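Residue-level structure breakdown
Residue strings, one per chain:
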Amino acid sequence: MAYTVPKEAYNGKINQVEVGRNQHKLILGGEETLPFLSFEGKAVSTVPLALEIQDINPTEDWAPSLTEIYGSVMDNPAEWARMCQDEFKADMICLRLAGTHPDNGDRSPQEAGKIVEAVLSAIKVPLIILGSNHVEKDAAVIKHVAEVAANTGSIIGKAQEKNYKTFAAVATAYGHKLVALSDLDINLSKQLNILLTQSGFDSKNIIIDAMSSTLGYGLEYTYSVMERIRLSALQQNDAMMQMPMICDIGEVTWKVKETKATEQDQPAWGAVRPRGILWEVLTALSFLMAGGNLVVFRHPEALSRVRSILAELMATA
Amino acid sequence: MGLTGIQIFKYLPKTNCGDCKFPTCLAFAMRLAAAQVRLDACPHVSEEAKKVLTEVSAPPIRLVKLGVGDRTIELGDETVLFRHEKKFNHPSALALLIADNLTDQEIEQKIQQVNNSVMERVGQRLRVELICLQERSADPARFAQVAKKIVASSEAGLILSSFKPEMIKAALAETAARNPLIYAATEENYSQMTALAKEYKLPLAVFSDKGLEALSSLAEKVAAEGVEDLVLDSGARSSGRMLSDLTQIRRAAIKKKFKPLGYPTIIFPGEGGGDALMEAARAGIGIMKYASLIVLNSIEKEMLLPLYTLRQNIFTDPQQPMQVAENLYKVGEPNQDSPLLITTNFSLTYFIVLGEIENSKVPSWLLVADSEGLSVLTAWAADKFNAPKIAKLVKKQNVEEIVKHRKLIIPGYVSILSGEIEEELPGWKVLVGPREAVNIPKYLRDMTSSAAL
């Protein structure tokens, strides 16, 4: 019985989105197959890996495995960004404006704007600017910081159902790409993309955030929602599902006890450092296998490990 | 290959008795054609029909069993490509590789590592299921001696790995009763390996790294000689080849009903180079994408916990949320004055609430109600998390003897239940906690500092 390669014929492809400025632009998406299946067509060939930094020093909240790496640079977002770019070779920097949250410093849009400006002048790689996940405050902050970052081709977010109009308006006005976040449901995700498009926003500038979870804490939900989004993009040629997907995993990963508990506290779990790194690596790989196009890490070694695996996945056999 | 529903129908009793749980024989025939049911669901089918239909009703990926008794490991028998379509049936089994040229002491340590690999998570006992004994000594006596030692000191499943039939033969005399997997038949040795597998009635791995065409034709030759419990190794050792080969094998079997590749698969993620973390990362891809058997060079605890957790996540039934047992759980070392919180038994809800209580560093009691795996709001809407149920649970778990106070913290989203619970539980006061788990630490800390309890 002769073997024939079981290729799938797809009708659709993933939007190709260019981000960044000058000679340091990067491409997201553009693939025409399920992840890394180059035997059946044009597979994804670039998956930028970002490191997360914050506008205020998060030492209190962040796991020791992270703070021991970044140390005092966490006081200075621009220095921190430079370290991630130069030392840890991040393809992008993701600045989370955690300090603008009303319960976490309540910084003004202007204060946030100064930090965005400082970070932009410290780095060449593309920037992702995220709010503090407070729908009203994020809308107020983004209006200003998007202007500060005008024409840098940054990614801003996260637009949600309750504040997408503001995000869409400033992303269009200042030339940014937009992260659209919905609550872990393929229909909600599609709905938000439709709303954005109907408001006049160019769907080619949207990046889907299906809502990342971490290993052991709902990973299978995100995994399956993302797989279904990819399948409807490729098989059904659904234009409202063909955006590249971002995987914002550092925040959720470094919160759970499996990445933080020391071996003294949990002898059965083994050494905390490699355990935490592998936790972030496997979370990233899961979402890449499900169709992710951009990953935001917190641990630089998790990033470099995933980069090595990506090289294997993209090597032509 | 394969018959249509109508063709199958001709072989069925046509009595529409319904014993197969389908209304008509035709309905059953259609399901058989789609490989969604098994022929043995029909108790009345004739022997002759059975013979003809066994082929079409066989699962697209053969079920292969290794090991014995309650440590039997089932591989294969998968019917879909994506977990949202239907539950993946058999979680990837993990094995530790032990080379026979290690010292006796090193071998003993590795065996104990496998025996001690059990961890518990969400009520499941997770472990490394097998030992893969690899022949490097070129000495049949040594190989057999170590194999015998493994069987004597562990109940784990066994893989006997050597391309030399005389090695396998030597080890089988002592270990065949464990129902080991023979690894592997190759283009060069397959007639001898097949003869051994036949003689001892054992499953056999088939190895060819010359592409899937070569692998499938080798599997076909082995099957033609009468050994059908096969496991496939395409020789892929890096992530890219692994993903590509395993995807093609799974698709060919399920979508094209291509029988020569309709078997479970085996991978060796450590053979692609790099350290234990790289090995674990490749193993993770194997868990996600279709590896049935994963042989590891190292199984340190910090690598195992993430891999076990991933395996649990990927192989969860998407239609049936993971649940934790209804119980009164201790968080930290609570005493009779510690706060008491209640939530539902959807494992994700439980884990998130548990994690946030731990983050608060306030020792507490967490009462988990059986909501059939629904989250708080959904359970409330479906009337699976209501005042009478909560009151009954408080009594059932003897909460009134365990805590001295009479204050119950309920999730903010079901604040509406507070009055009703107080009616059902005379003497109790209901406190409305935060809506989102992330606000629990602040809530508990504020509460204990203001001595509300």
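The rules we used
Residues numbered from 1 in each chain as written. Chains lettered and ligands numbered in written order. Predicted model: local features only at pLDDT ≥ 70, side-chain atom pairs only at ≥ 80, totals over all residues. Heavy atoms only, no water. Pairing = 2+ DSSP bridges. Helix = DSSP H or I, 4+ residues; strand = E, 2+ residues; numbered from the N terminus. Contact = heavy atoms within 4.5 Å. Axes fitted to C-alpha atoms, helices over the stretch in contact; angles between N-to-C directions. Buried area = accessible area lost by both parts, 1.4 Å probe. Salt bridge = Lys/Arg side-chain N within 4 Å of Asp/Glu carboxyl O. Expected span 1.5 Å × (residues − 1). Polar contact = N/O pair within 3.5 Å; in protein donor to acceptor, adjacent residues only side chain to side chain. Buried < 20%, exposed > 50% of the residue type's maximum accessible area, 1.4 Å probe, protein only. Phe/Tyr/Trp six-rings, centres within 6.5 Å; stacked < 30°, edge-to-face > 60°. Lys NZ or Arg CZ within 6 Å of the ring centre and 35° of its normal.

This next bit is on the sheet that holds strand β7 (residues 157-161) of chain B. Residue and element names in this part refer to chain B. Here we have eight strands laid out as an open sheet, ordered β10-β9-β8-β7-β6-β3-β12-β11, and parallel in their pairing. Lying at the two open borders of the sheet, with one neighbouring strand each, are β10 (230-233) and β11 (266-267). Where strand β9 (residues 204-207) meets β10, four bridges bridge the pair, whose relative direction is parallel. From the neighbouring strand, Val-206 faces β10, where its bridge partner is Leu-232. Packing against the sheet, helix α10 (residues 276-288) makes contact with β11 and β12 (293-296), and its axis sits at approximately 175° to β12.

Bringing the interface of chain A and chain B into the picture now. The partner chain B presents 56 residues to the 52 residues of chain A that form the contact. Summing the contributions of chain A and of chain B, the shared interface buries around 4700 Å²; its carbon and sulfur component is 65%. Contact with chain B buries area across many residues of chain A, yet Met-1, Tyr-3 and Glu-312 of chain A alone supply 16% of it, more than any other trio. Linking chain A with chain B are eight salt bridges, by the criterion used here. The salt bridge involving Glu-40 of chain A is made with Arg-251 of chain B; its shortest N-O contact spans 2.8 Å.

With that settled, consider helix α5 (residues 140-153) of chain B. Residue and element names in this part refer to chain B. Between its first and last C-alpha atoms α5 spans 20 Å; for 14 residues at 1.5 Å apiece the expected length is 20 Å, and the two agree. Looking at the buried positions of α5, the neighbouring elements they touch are α4 (104-115), β6 (130-134), β7 and α6 (165-175). Where α5 begins, the capping side chain belongs to Asp-139, and its oxygen is found 2.9 Å from the backbone nitrogen of Ala-141.

Here we come to the side chain of Arg-96 of chain A. Following the sequence through the fold, Arg-96 of chain A ends up in strand β4 (residues 92-96). Leave out the neighbours within four places in its chain, and Arg-96 of chain A touches Glu-52, Ile-53, Gln-54, Asp-55, Leu-130, Gly-131, Asp-248, Glu-251 and Arg-298 of chain A.

Residues and elements named next belong to chain A. Positionally, Asn-237 belongs in the loop between α7 (219-234) and β9 (246-248). Take Asn-237: its relative accessible area is 41%, and that puts it in the partly exposed class. Spatially, the C-alpha atom of Asn-237 lies 17 Å from that of Val-44, the residues being 193 residues apart in sequence. A polar atom in the side chain of Asn-237 sits 2.8 Å from the side chain of Gln-242.

The geometry of two aromatic rings is summed up by the distance between their centres and the angle between their planes. Evaluated as defined, the whole model comprises 14 aromatic pairs over all chains. Ring geometry for Tyr-221 of chain A against Phe-346 of chain B: centres 6.0 Å apart, planes inclined by 90°, an arrangement best described as edge-to-face. Here Phe-346 of chain B lies in the loop between β14 (340-344) and α12 (347-360) and Tyr-221 of chain A lies in helix α7, a pairing that spans two chains. Note on Tyr-221 of chain A: relative accessible area 29%, which makes it partly exposed. Among the aromatic side chains, those forming a connected cluster through ring pairs are Trp-62, Tyr-70, Trp-80 and Phe-88 of chain A. In this arrangement the basic side chain of Lys-14 of chain B is found over the ring face of Phe-9 of chain B, its NZ or CZ atom lying 5.7 Å from the centre.

Attention now moves to the sheet that holds β9 of chain A. Residue and element names in this part refer to chain A. The parallel open sheet is built from eight strands, whose spatial order is β8-β7-β6-β5-β4-β3-β10-β9. The open sheet terminates on both sides in strands that have one partner only, identified here as β8 (206-209) and β9. Between one strand axis and the next, the sheet turns by 25° as a mean value, whatever way the strands run. Strand direction decides the pairing type here: strand β3 (residues 49-54) and strand β10 (residues 294-297), joined by three bridges, are parallel.

If the charged atoms of two oppositely charged side chains come close together, the side chains can form a pair. Applying the stated criterion to the full structure yields 41 salt bridges over all chains. When the shortest N-O distance is used, the salt bridge between Lys-210 of chain B and Asp-209 of chain B registers 3.4 Å. The class of Lys-210 of chain B is exposed, set by a relative accessible area of 67%. Residue classification places Asp-209 of chain B among the partly exposed positions, given a relative accessible area of 39%. A salt bridge links Arg-237 of chain B to Asp-233 of chain B, with the nearest nitrogen and oxygen atoms 2.9 Å apart. Taken individually, Arg-237 of chain B and Asp-233 of chain B each receive the classification buried, so the pair is uniform in this respect. Where salt bridges share partners, they join Glu-52, Arg-96, Lys-158, Asp-209, Asp-248, Glu-251 and Arg-298 of chain A into one cluster.

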